[in-house]
Amino acid sequence: MANHGADEPSSRSGSPDGEDRASEDRSLLHQRLAVQELIDTEVSYLHMLHLCASDIRSRLQQLPQGDLDVLFSNIDDIIKVNSRFLHDLQETASKKEEQVQLVGNLFLEFQEELEQVYKIYCASYDQALLLVETYRKEPELQQHIQGIIKAVVPQAGSSGLSFLLVIPLQRITRYPLLLQKILENTHPDASAYPVLQRAVSALQDVNTNINEYKMRKEVASKYTKVEQLTLRERLARINTHTLSKKTTRLSQLLKQEAGLIPRTEDKEFDDLEERFQWVSLCVTELKNNVAAYLDNLQAFLCFRPHEYNLDIPEGPAVQYCNLARDLQLEAFLEFKQRLEGLVWQPLCSLAKALLGPQNLIKKRLDKLLDFERVEEKLLEVGSVTYEEQATRHTYQALNSLLVAELPQFNQLAMQWLGQILCTFVTLQRDLAKQVLQRAEGSMAQLPHHDVPEPAFRKLVGDTLGRTSKQLHSFQENFEKVLPPPTTQLLLPGSERQVRALLSRYGPGKLYQVMSNINGTGTLDLTLLRGQIVALLQNKDTKGNSGRWLVDTGGHRGYVPAGKLQLYHVVPSAEELRRQAGLNEVPRCLTPEPVRAPVPSIPTVNQVIAAYPFVARSSHEVSLQAGQPVTVLEAQDKKGNPEWSLVEVNGRRGYVPSGFLARTPSPVLWGWNLPS
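On a predicted model such as this, the values are computed, not experimentally measured, just so you know.

(A) Examining the overall build of the protein chain more closely. A tally of helices and strands in the protein chain yields 18 helices and 10 strands. Expressed as a percentage of its 675 residues, the buried residues of the protein chain come to 36%. A separation threshold of at least 6 residues defines the contact pool for the protein chain, and within that pool the share at least 24 residues apart is 68%.

Below you can see the structure in the form of structure tokens.
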């Protein structure tokens, strides 16, 4: 009994230590099992990724490549990252005592890479599911896909593609849970404990960032769509809700412009937007220039001097024709095709790629106005509704996405633009080299081939100088014969308006409308071709020099500058008789109903156009000043001598008789390249 009583306290005193040791052993065992589970599941996961990327994707080649890119997204990048991660994870098994701490450090090391590859995959996951749904509507295609997946991954069952596509999402969300399990079985005093805490927090942040990125992408995809809507479709979308939103935004903007409320400043975004707009302007200008270059090149290819019969049986002219034919049919035609394929089409693709960001930037401004309004309410009231909170999140998502991705987009766009320019320069250089190679044999047979280059340049310069003087002399004689040309016929009954504008603004401010203008804006004017306006300002309120402020004599508004041309005021007949002693000079006016005495056309058939004239109907024909004209009848069908039937470039029609003049007889000149 005594011995039993002595042993009992000893048994009670040793029990807590034994329980602590047993608890530590259990925790250590569970910790090792959790680490082993992490490694084993990573091996199975990576094996499944390889099956998707190699076996399944390769057997789905009947699907369009675009569909495969959406379905499997950047799975190859995920495989690369997770393969390295698994390799390092398996190496920790050789260091049992430090394994848990090494696992925590490994997750911290791969945190950024895991976030980068998984956020791209997760962002395209919803779009991949939409494709899966479309496949289910086609029984034959769905059966074919199910057969492939069942043969490779039997456990997928009826879920098919959906089962495979969700695996990466499940894996990235499971990492924090696996780490948390290891952490729970690690003693707080252990050196690995703070490392595991940071790793759990890091992987939770990774999942949070992926969700935010996915949300930003969803918002962006909603607003990057560039829809070509008709006016009727736009009007159909207008309702009380949209009107209310637009009115509120306009009110917010006007308050900011008036200085009543502060404007939200974001220098980082403003700098990025300025650079983007600069890139966009460069692309637009280059596209316009290349388009003009291609038009000129096409016009050059349409001109074929080698097809003309020069009646020269042999000599340099024939040699030149042969060379011109070879260059035009081969060298220049090939250059045009390469230019369209390697420069024009990539440039159009780049311009199209800019539309999405441009639309996002515009939407950001709208959402910024909504955001500022909600922020004001939050400061005043202290709370906002669910919809207003969603408005704040939408702006924050748009702004974060643009700030994060505009730098990369600007850089890629600049590289793209630089490659296009380099390609254009290379094509020009190749063309010059090819032309020189082809012309090398022919140049020896051309005149002056043995003349040194400086002497040849001087020879050409002297010849061009003499030719220029002859052309200048011809121009002076021609201008003495013809009065100053006008641009267009005036509208009937507009003389009084022209005189009023002339007396008020002077001749230097008068412009004539070259084609009909249909005003679309509130301050835009609708004008007819031939109408005279006075220039008030050569730019609009935003500094755009393409829109001019004009006065019609009754209304003021904006018109496109490209549709205006300076109006040359034609002096009256009395003034012309005093100045030049001519009998009568026709005024650029449409004939009035009351017939005035108009001089008849000279009896000769060949005359020239004294003024440019634009045909307004199929019965009329257009003229250019100085153009040769053949008069068929010096009056119209009713015997009115104010209109004449003429033939110009094979076309027949009526023109004002006052727009025709006798053909001047200047001294004939000729020039030849000295031999």
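Let us keep going from here.
(B) Here's a closer look at the nonpolar core. In this structure, Leu71 and Phe107 are the most contacted members of the largest nonpolar core, which totals 65 residues. When residues of this core are assigned to their parent elements, the largest contribution, 12 residues, is made by helix 1 (residues 2-59). If sequence neighbours within four positions are ignored, Leu71 has contacts with Leu63, Tyr121, Ala128, Leu131, Val132, Tyr135, Leu161 and Leu165. Grouped together as the second largest cluster of nonpolar side chains are 37 residues, Leu354, Val403, Ile420 and Leu431 included.

(C) Quick peek at the packing of aromatic side chains. What the rule picks out here adds up to 12 aromatic pairs. Ring centres 5.4 Å apart and planes at 75 degrees place the aromatic pair Phe85 and Phe110 in the edge-to-face group. Remark: Phe110 occurs in helix 4 (residues 99-123) and Phe85 occurs in helix 3 (residues 75-91); sequence separation between them is 25 residues. Ring centres of Phe300 and Phe332 lie 5.1 Å apart, and the angle between their planes is 75 degrees; on these two criteria the pair is classed as edge-to-face. With Phe300 in helix 12 (residues 267-302) and Phe332 in helix 13 (residues 316-353), the pair connects residues that are 32 residues apart, well separated along the chain. A relative accessible area of 15% means that Phe332 is categorised as buried. Each residue in the set Phe85, Phe107, Phe110 and Tyr175 is aromatic and connected to the rest through ring pairs, giving one cluster. For Lys119, the ring lying beneath its charged end belongs to Tyr213, and the centroid distance is 4.7 Å. Positioned above the aromatic ring of Tyr558, the side-chain terminus of Arg547 is 4.6 Å from the ring centre.

(D) View of the packing of helix 4 against helix 8 (residues 167-184). Following both chains from N to C, one finds helix 4 and helix 8 inclined at 160 degrees, their axes separated by 11 Å at the closest point. Relative to helix 8, the element helix 4 is oriented roughly antiparallel. As for the relative orientation of helix 4 and helix 8, their crossing is left-handed in sense. Contacts between helix 4 and helix 8 involve Val100, Val103, Phe107, Leu114, Tyr118, Tyr121 and Cys122 on the former and, on the latter, Pro168, Leu169, Arg171, Ile172, Tyr175, Leu179 and Ile182. Grouping the constituent residues of the contact of helix 4 with helix 8 by class yields 13 nonpolar, no polar and 1 charged.

(E) Focus on the sheet that holds strand 2 (residues 532-537). Strand order in this open sheet of 5 strands is 4-3-2-1-5, and the pairing throughout is antiparallel. Strands at the two margins of the open sheet, each flanked by one partner only, are strand 4 (556-560) and strand 5 (564-566). Pairs of neighbouring strands in the sheet enclose a mean axial angle of 50 degrees, with direction left out of account. Strand direction decides the pairing type here: strand 3 (residues 547-551) and strand 4, joined by 5 bridges, are antiparallel. Across the sheet, Asp551 pairs through a bridge with Arg556, a residue of strand 4. Taken strand by strand, helix 17 (residues 495-505) contacts strand 1 (510-513), strand 2, strand 3 and strand 4, and its axis lies near 25 degrees from that of strand 2.

(F) Highlighting the sheet that holds strand 9 (residues 651-656). What the 5 strands build is an open sheet, ordered 9-8-7-6-10; its pairing is antiparallel. The sheet is open, and its two edges are formed by strand 9 and strand 10 (660-662), each paired on a single side. Along the sheet, successive strands turn relative to each other by an average axial angle of 50 degrees, direction set aside. As paired elements, strand 6 (residues 606-609) and strand 7 (residues 628-633) share 3 bridges and run antiparallel to each other. From the neighbouring strand, Val607 faces strand 7, where its bridge partner is Val629.

(G) Looking closely at unusual backbone geometry. The backbone of Ser73 sits at a positive phi, close to 45 degrees, despite the residue not being glycine. For Ser73, a relative accessible area of 23% translates into the label partly exposed. With a phi angle near 55 degrees, Asn649 is a residue other than glycine that sits in the positive phi range. In this structure, Asn649 sits in the loop between strand 8 (643-648) and strand 9. Asn649 gets classed as exposed once you look at its relative accessible area, which sits at 70%.

(H) Spatial organisation of the side chain of Asp266. When you line up the elements, Asp266 lands in the loop between helix 11 (240-258) and helix 12. In this structure the side chain of Asp266 is engaged in a polar contact, spanning 3.5 Å, whose partner is the side chain of Asn399. The residues touching Asp266, leaving out its near neighbours within four places in the chain, are Arg364 and Asn399.

(I) Structural detail: the pairing of strand 9. In the sheet, strand 8 pairs with strand 9 via 6 bridges, with the strands oriented antiparallel. Bridging from a neighbouring strand, Glu647 pairs with Arg652 of strand 9. If you look at the hairpin formed by strand 8 and strand 9, you'll find 2 residues sitting between the two strands, and Asn649 has a positive phi there, around 55 degrees.

(J) Structural view of helix 6 (residues 139-152). An ideal rise of 1.5 Å per residue puts 20 Å on 14 residues; helix 6 measures up with 20 Å between its terminal C-alpha atoms. Within helix 6, the full set of buried residues consists of Leu141, Gln142, Ile145, Ile148, Ile149 and Val152. One face of helix 6 carries all of its buried residues, which in axial projection span an arc of 130 degrees. Residues Pro139, Glu140, Gln143, Lys150 and Ala151 are exposed on helix 6 and point more than 90 degrees away from its buried face.

(K) Quick peek at the pattern of salt bridges. As enumerated under the stated definition, the model contains 21 salt bridges in all. A salt bridge links Asp76 to Arg57; its shortest N-O distance comes to 3.0 Å. Of this pair, Asp76 sits in helix 3 while Arg57 sits in helix 1, and the two are 19 residues apart along the sequence. Look at Asp76 and you get partly exposed, because its relative accessible area is 36%. Notably, a salt bridge pairs Asp540 with Arg547, separated by 3.1 Å at the nearest N-O pair. Judged by its relative accessible area of 7%, Asp540 is buried. A single network of salt bridges, built from pairs that share partners, joins Glu37, Arg174 and Lys181.

(L) Geometry of the packing of helix 12 against helix 14 (residues 355-381). In contact at an axis separation of 11 Å, helix 12 and helix 14 are set at 140 degrees when each is read in the N-to-C sense. Note that helix 12 runs across helix 14; the crossing there is left-handed. For the pair formed by helix 12 and helix 14, the contact residues are Phe269, Glu273, Phe276, Gln277 and Ser280 on the first element and Pro357, Gln358, Ile361 and Arg364 on the second. Looking at side-chain class alone, the contact of helix 12 with helix 14 contains 4 nonpolar, 3 polar and 2 charged residues.

(M) A look at the side chain of Asn399. Tracing the backbone through its elements, the reader meets Asn399 in helix 15 (residues 386-443). Classification of Asn399 as buried rests on a relative accessible area of 12%.

Rules of the game
Here the residue numbers are simple positions, counted from 1 along each chain's written sequence. A pLDDT threshold of at least 70 governs which residues receive local features in this predicted model, and a stricter bar of 80 or more applies before side-chain atom pairs are shown or counted, although totals over entire chains, interfaces and linings include all residues. Each side-chain value is worked out from all heavy atoms of the structure, with water and hydrogens disregarded. Numbering of helices and strands runs from the N terminus; a helix is a DSSP stretch of H or I covering at least four residues, while a strand is a stretch of E covering at least two. Type-normalised accessible area, obtained with a 1.4 Å probe on protein chains alone, sets the label of each residue: buried when under 20%, exposed when over 50%, and partly exposed for intermediate values. Contacts: residue pairs with any heavy atoms within 4.5 Å of one another. Nonpolar cores are built from buried Ala, Val, Leu, Ile, Met, Phe, Trp, Tyr and Cys residues. Side-chain atoms within 4.5 Å join them into one set. Put simply, two rings from Phe, Tyr or Trp (the six-membered ring, in Trp's case) pair if the centres are within 6.5 Å, and we call them stacked under 30 degrees between planes, edge-to-face over 60, tilted for the rest. In this scheme, Lys NZ or Arg CZ marks a charge over a ring once it lies within 6 Å of the ring centre and within 35 degrees of the ring normal. Axis definition: a line fitted to C-alpha atoms, over the contacting stretch in the case of helices. Angles run 0 to 180 degrees between N-to-C directions. Small angles under 35 degrees read as roughly parallel and large ones over 145 as roughly antiparallel, with 65 to 115 read as roughly perpendicular and the rest as oblique. When the near helix sits turned anticlockwise from the far one by under a right angle, the crossing is termed left-handed; a clockwise turn instead gives a right-handed crossing. Only Asp, Glu, Lys and Arg are considered charged, only Ala, Val, Leu, Ile, Met, Phe, Trp, Tyr, Cys and Pro nonpolar, and every remaining residue, Gly among them, polar. Only strands joined by at least two bridges in the DSSP assignment are considered to pair. Definition of a polar contact: a pair of N or O atoms within 3.5 Å, with one able to donate and the other able to accept a hydrogen when the atoms are protein atoms, and with sequence-neighbouring residues admitted only if both atoms are side-chain atoms. A helix is expected to span 1.5 Å multiplied by its residue count minus one. Note that the arc is defined by the directions from the helix axis to the C-beta atoms. Each salt bridge in this description consists of a side-chain nitrogen of Lys or Arg and a carboxyl oxygen of Asp or Glu lying within 4 Å of one another.

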